[in-house]
Amino acid sequence: MIKQTIIPFGPQHPVLPEPLQLDLVLEDEKVVQAIPSIGYVHRGLETLVTRQEYQEFVYVAERICGICSFIHGMGYCQAVEEIMKVEVPARGVFLRTIWAELSRIHSHLLWLGLAADAFGFENLFMQAWRIRETVLDIFEETTGGRVIFSVCKVGGARKDIQPDTLVRIGQTLEKMKKDVKSIEKVFLKDNSVRHRLAGIGILSAEDAQSLGAVGPVVRASGIKVDTRMLGYAAYPEAEFEIITGTAGDCYARCAVRIGEIYQSIDIIRQLIPKTPEGPVDVKVTGAPQGESYMRLEQPRGEVLYYIKANGTRLLDRFRVRTPTFANIPPLVKMLEGCDIADVPNIILTIDPCISCTER
Amino acid sequence: MGFFKMAGTAFTNLFRKPATLMYPVKPAKRFPNTRGTLTIEFEKCILCGICQKKCPSYAIEVDKTEKTWKLDRIRCISCGSCTDWCPKKCLHLDNAYTAPVTSEFKDSTRERHTGA
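What counts as what
- Residues numbered from 1 in each chain as written.
- Chains lettered and ligands numbered in written order.
- Predicted model: local features only at pLDDT ≥ 70, side-chain atom pairs only at ≥ 80, totals over all residues.
- Heavy atoms only, no water.
- Pairing = 2+ DSSP bridges.
- Helix = DSSP H or I, 4+ residues; strand = E, 2+ residues; numbered from the N terminus.
- Axes fitted to C-alpha atoms, helices over the stretch in contact; angles between N-to-C directions.
- Contact = heavy atoms within 4.5 Å.
- Buried area = accessible area lost by both parts, 1.4 Å probe.
- Salt bridge = Lys/Arg side-chain N within 4 Å of Asp/Glu carboxyl O.
- Polar contact = N/O pair within 3.5 Å; in protein donor to acceptor, adjacent residues only side chain to side chain.
- Nonpolar A, V, L, I, M, F, W, Y, C, P; charged D, E, K, R; others polar.
- Patch = residues over 30% accessible without salt bridge, like charges linked within 9 Å, V, L, I, M, F, W, Y side chains within 5 Å.
- Areas by Shrake-Rupley, 256 points an atom, 1.4 Å probe, with all protein chains shown as cover.
- Expected span 1.5 Å × (residues − 1).
- Buried < 20%, exposed > 50% of the residue type's maximum accessible area, 1.4 Å probe, protein only.

**Focus: the sheet that holds strand S1 (residues 4-9) of chain A**
All names here are of chain A.
- Strand order in the open sheet made by the three strands is S1-S2-S3, with antiparallel pairing throughout. Here the strands that pair on one side only, and so sit at the sheet edges, are S1 and strand S3 (30-37). Direction aside, the axes of adjacent strands within the sheet are offset by 25° on average.
- The pairing of S1 with strand S2 (residues 21-27) spans six bridges and is antiparallel. What sits directly across from Ile6, in S2, is Val25.
- Taken strand by strand, helix H10 (residues 323-335) contacts S2 and S3, and its axis lies near 160° from that of S3.

In structure tokens:
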């Protein structure tokens, strides 16, 4: 019998700036088991809901994550609006959807850069982040922030986008497509990149379903799951297909994310001419009472919010189930049987956000 | 399948301007909407204390008896909640970022306005 060795991966590792710890049980150079442990960046954001008035908690909710911050704020607002039966004006809903899709583009481009960095392609990493800067500029111009937008509020949006700016955003994104194409061919066609991604970290469709994978991870395994299809916000106004892969390996997950960048650009292109005129928010008074669940599609997968309100301005409970949390069991499954050299690569393909997971 | 897929992009990069700015020699990009430093026109302020109540990071302190309005710049997250709620619209978010400070001494990071 081969002697087993345990190698710790993280909590500090060059490939991942966030503290995820995995104990890798090795036989020779093959991983036979991976034991995850989290808990290094717990900040207790959920409990702050009992000390922060429900209208100001949006700013806390969107600080759960630095990358998918907009959708966290939007999910919280939607959950509160559902309890209070607030009807958000159509323009507010459309702008929120446009911002949510922009943040998906920026998150996926960020991930592409990090993935390139993980397999040791520094130049590709810089190119991906250079393209991402275009989206960050749009964000700063329209919301005032580059990664934390503070633009969602209970009852609508805090800022309006001028019609000519909206048209310009559409044109900028169309131009950006050319740039994305230039790095897409490297990710999907280059031999050395393919060598690091194809056939690595395979997650079968049955495993993906039984372990509860979400987002691009489950879609890359060939299962059509996308919370946007539930038709929240302005998604019913746009036509789009769920992008899936078949192989369930790192290459398929990369291809799904690249496909989703084009898809998001297309959704924004469809929404811009349909954006109605009118106000972006309604005044919300009173305090919520009751409880609600809200499911949204983050760039990393499905996120769930639960809110319990007691009729005062302070809520009782706020709970978030983030996509990375759901993707950790599939990750452990993927790591079994892989080479130790592929571990950083595989971990990165679930797009882990540990700060999100621990809140 | 293919080789040298990056070559074209890498080659054009040689003749392109740098994508980064030589900050602080060249000023950072800013937009009119950029949320930067919080400023107050104290003459208009009525010391109602709504900004203190609405601040999610507890950065503002208003004292009605002493007639002071204090801001802890390190705590401020430039969210703009106070500017939205201010009834006199005397709080503004400037689009320049707050200058970095070298110490966390409260005196050096707090602004003190004394009313007339």
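Read on, since the account is not over.
**Considerations on the interface of chain A and chain B**
- Counting from both sides, the interface comprises 33 residues of chain A and, opposite them, 28 residues of chain B.
- For the pairing of chain A and chain B, the buried interface totals around 2,700 Å² over both sides, and the portion due to carbon and sulfur atoms is 46%.
- Among the residues chain A hides against chain B, the three largest losses belong to Glu56, Glu140 and Asn191 of chain A. Together they make up 19% of the total.
- Residues Lys29 of chain B and Asp137 of chain A are paired through a salt bridge, measuring 3.1 Å at the closest nitrogen-oxygen approach.
- There are 13 residue pairs in polar contact (both at pLDDT 80 or more) connecting chain A and chain B.
- Where the side of chain A that touches chain B is concerned, the elements lending two or more residues are helix H4 (122-143), helix H5 (163-189) and helix H6 (191-197) of chain A.
- In terms of residue count, H4 of chain A provides more of the side of chain A that touches chain B than any other element does, ten residues in total.
- Taken together, the residues of the side of chain A that touches chain B break down into six nonpolar, eleven polar and 16 charged.

**Some thoughts on a nonpolar patch on the surface**
- On the surface, Phe11, Leu14 and Phe15 of chain B cluster together into a nonpolar patch covering about 410 Å² of accessible area.
- The residue Phe15 of chain B is located in the loop between helix H1 (7-14) and strand S1 (38-40) in this model.

**Topic: the side chain of Gln52 of chain A**
- The topology assignment puts Gln52 of chain A in the loop between S3 and helix H1 (57-61).
- From its side chain, Gln52 of chain A meets the backbone oxygen of Pro56 of chain B in a polar contact 3.4 Å long.
- Ignoring anything within four residues of it in the chain, the contact list for Gln52 of chain A reads Phe57, Val60, Arg313 and Leu314 of chain A together with Cys55, Pro56 and Tyr58 of chain B.

**Some remarks on helix H3 (residues 90-118) of chain A**
- Along its 29 residues, H3 of chain A runs 42 Å from first to last C-alpha, staying within 8% of the 42 Å computed at 1.5 Å per residue.
- Of the residues one or two after H3 of chain A, Gly120 of chain A is the one with positive phi, at around 80°.

**What to know about the pattern of salt bridges**
Residue and element names in this part refer to chain A.
- Within this structure, the stated rule accounts for 27 salt bridges over all chains.
- For Arg228, the salt bridge is made with Glu101, and the minimal N-O distance between the two is 3.3 Å. Here Arg228, found in the loop between helix H8 (215-220) and helix H9 (250-274), pairs with Glu101, found in helix H3; they are 127 residues apart in sequence, far enough to count as distant. Like Arg228, the residue Glu101 is buried in the burial classification.
- In this structure, the salt-bridge partner of Asp342 is Arg196, at a minimum N-O distance of 3.7 Å. Residue Asp342 is found in the loop between H10 and helix H11 (343-349), and its partner Arg196 is found in helix H6; the two are separated by 146 residues along the sequence.
- Classification of Asp342 by relative accessible area gives buried; the value is 11%.
- By sharing partners, the salt bridges in this structure join Glu101, Arg104, Arg219, Asp226, Arg228, Glu260 and Glu297 into a single network.

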